[in-house]
Amino acid sequence: MKRKLILVLIAMTLVMSGCGKDASAPDESSSVFEKIDQSEGSNQEAGQNSNADAVGSADANAAGNADANADGADSANQTTAETDDYTEQIKSEIAALASDSLTDELVAVNKLYDKYADMTANASDQAEMNCLCQWETLVWEDEVTSLLDRLKEKDSENYNNIYSEYESWLKYVPSMAEKMTYVYEGGSIYPTMYSYNEAMRFKREAYVLASTLADVTGDVAFSFPDNSPCGYYGDYAGDSYLLITEGMEGDSYAIKIHFDNSKELIGYGSTEDAPESEYISFVSDDGSVEGRIDCFALGASFYASVSDGAVVNTNETYEFSFKY
């Protein structure tokens, strides 16, 4: 929901920027000078022209100074966004949030993430947003590092296997984030949304590692503080995957289903209630395929109820193991 709010703020920023430019454009049908009566003589005309030149020169100088001040302010804002470094601050904040209650810890880290997400949302323009969004990712990346350090201390016997799996996963984070940002490809907002999808992969990894650590430490009260169907489903090293990302409206989702590196479906979905559980109803962009997506703790499935047979077959179910 917060990300949808950020998208709305971005759209408002772009619209306001466009309005500002239009408002500053002069009306070609008007003039700051009155027309001169040619019958009043050449001397009066010369004097009037001289005054007009002086006024025009003063206006030009004032406009130039205003432009220079505006450019300087924009440059200062962009320079601040590019040069401010929150690396050590975030590292200290994450260290201070470590808790025996891993559920409480994850709740606190979510609040810390929201603080930096708000900073991005309140940026002066899209360029500044694209600079600031990196700190959101670092929050969850540092939390993952903190959890790995504690697993090394508490479960040294299994740590090598845990860390080896983490390293294999880490190599595919850029690829997963890139695939999940397909909706914004080519747009100025792309870096911000790529960073968001990258941050969410680290968040998911933090939740998985926290669950593992809870088992080791005997934290029987542990539970995920939130749960979303959004994610990357399937083997991150494989050719088949299901992508679910937030849509622009409440309970709506952008969905891409890729099959064996050759065929794919792109469409949208919305949450539906069912007696046994919630599911996501799916409709492809061209309307040729309809179905439902069921999400589980460790994977998801897609059932095609209507299809033209070009990509999937009617009444077939496709499984996507693992969630990242």
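The residue numbers shown here count from 1 along each chain, following its written sequence. Per-residue local features of the predicted model are confined to residues with pLDDT of at least 70, and side-chain atom pairs are confined, for both listing and counting, to 80 or more; whole-chain, interface and lining totals are unaffected and use all residues. Hydrogen atoms and water are omitted, and side-chain values are computed over all heavy atoms in the structure.

When a strand is regular, its side chains alternate between the sheet's two faces. Only protein chains enter the area calculation, which uses a 1.4 Å probe; residues under 20% of their type maximum are buried, those over 50% are exposed, and those in between are partly exposed. The secondary structure listing takes helices from DSSP runs of H or I that are at least 4 residues long and strands from runs of E that are at least 2 residues long, numbered from the N terminus. Burial analysis of strand S5 (residues 279-284) places five of its six residues in the buried class, the great majority of the element. Of the strand pairs in this sheet, strand S4 (residues 263-272) and S5 are connected by six bridges, and their pairing is antiparallel. Note that in S5 the partner of Thr271 across the bridge is Ile280. Note on pairing: two strands pair once DSSP finds at least 2 bridges between them. The antiparallel hairpin formed by S5 and strand S6 (residues 290-296) contains five residues in its connecting segment, where Gly287 sits at a positive phi of about 75°.

It is worth spelling out the pairing of S6 at this point. Here four bridges tie S5 to S6, and the two strands are oriented antiparallel to one another. When the bridges of S6 are listed, Ile280 appears paired with Ile293. With seven bridges connecting them, S6 and strand S7 (residues 299-306) associate as antiparallel partners. Counted as the bridge partner of Gly291 is Ala304 from S7. Joining the antiparallel neighbours S6 and S7 is a turn of two residues.

Here we take up the confidence of the model for the protein. A score between 0 and 100, pLDDT records how confident the predictor is in each residue. Summing up the model confidence of the protein, the mean pLDDT is 82 and the portion of residues at 70 or higher is 75%. We call two residues in contact when some of their heavy atoms are within 4.5 Å. Considering only residues more than four positions removed or in separate chains, one finds that residues 7-78, a stretch of pLDDT under 50, has 18 contacts.

Whenever Lys or Arg places a side-chain nitrogen within 4 Å of a carboxyl oxygen from Asp or Glu, that contact is recorded as a salt bridge. Taken as a whole, this structure holds four salt bridges when the rule is applied. For the salt bridge of Lys203 with Asp226, the shortest nitrogen-to-oxygen distance reads 3.2 Å. A residue pair is termed long-range when its members are at least 10 positions apart, and Lys203 in helix H9 (residues 190-217) and Asp226 in the loop between H9 and strand S1 (231-233) qualify at 23 residues. When the shortest N-O distance is used, the salt bridge between Asp294 and Arg292 registers 2.8 Å. We classify Asp294 as buried; its relative accessible area is 14%. You can call Arg292 partly exposed: its relative accessible area is 22%.

In this section: the environment of Tyr268. Note that Tyr268 resides in strand S4. Taking the C-alpha atoms as reference points, Tyr268 and Ala254, separated by 14 residues in sequence, lie 4.7 Å from one another. The residues touching Tyr268, leaving out its near neighbours within four places in the chain, are Tyr253, Ile255, Ser281, Phe282, Val283, Ser284 and Asp285.

What follows covers the packing of helix H6 (residues 134-154) against H9. Geometry is summarised by axes, namely lines fitted to C-alpha atoms with helices restricted to the contacting stretch, and by angles between N-to-C directions that run from 0 to 180 degrees. H9 packs onto H6 with a crossing angle of 20° between their chain directions and a minimal axis gap of 8 Å. Between H6 and H9, the angle is such that the two are roughly parallel. Crossing geometry of H6 relative to H9 is assigned as left-handed. Note on angle classes: values under 35 degrees are labelled roughly parallel, values over 145 roughly antiparallel, values of 65 to 115 roughly perpendicular, and the remainder oblique. For any helix crossing, the convention is left-handed if the near helix is rotated counterclockwise from the far helix by under a right angle, and right-handed if that rotation is clockwise.

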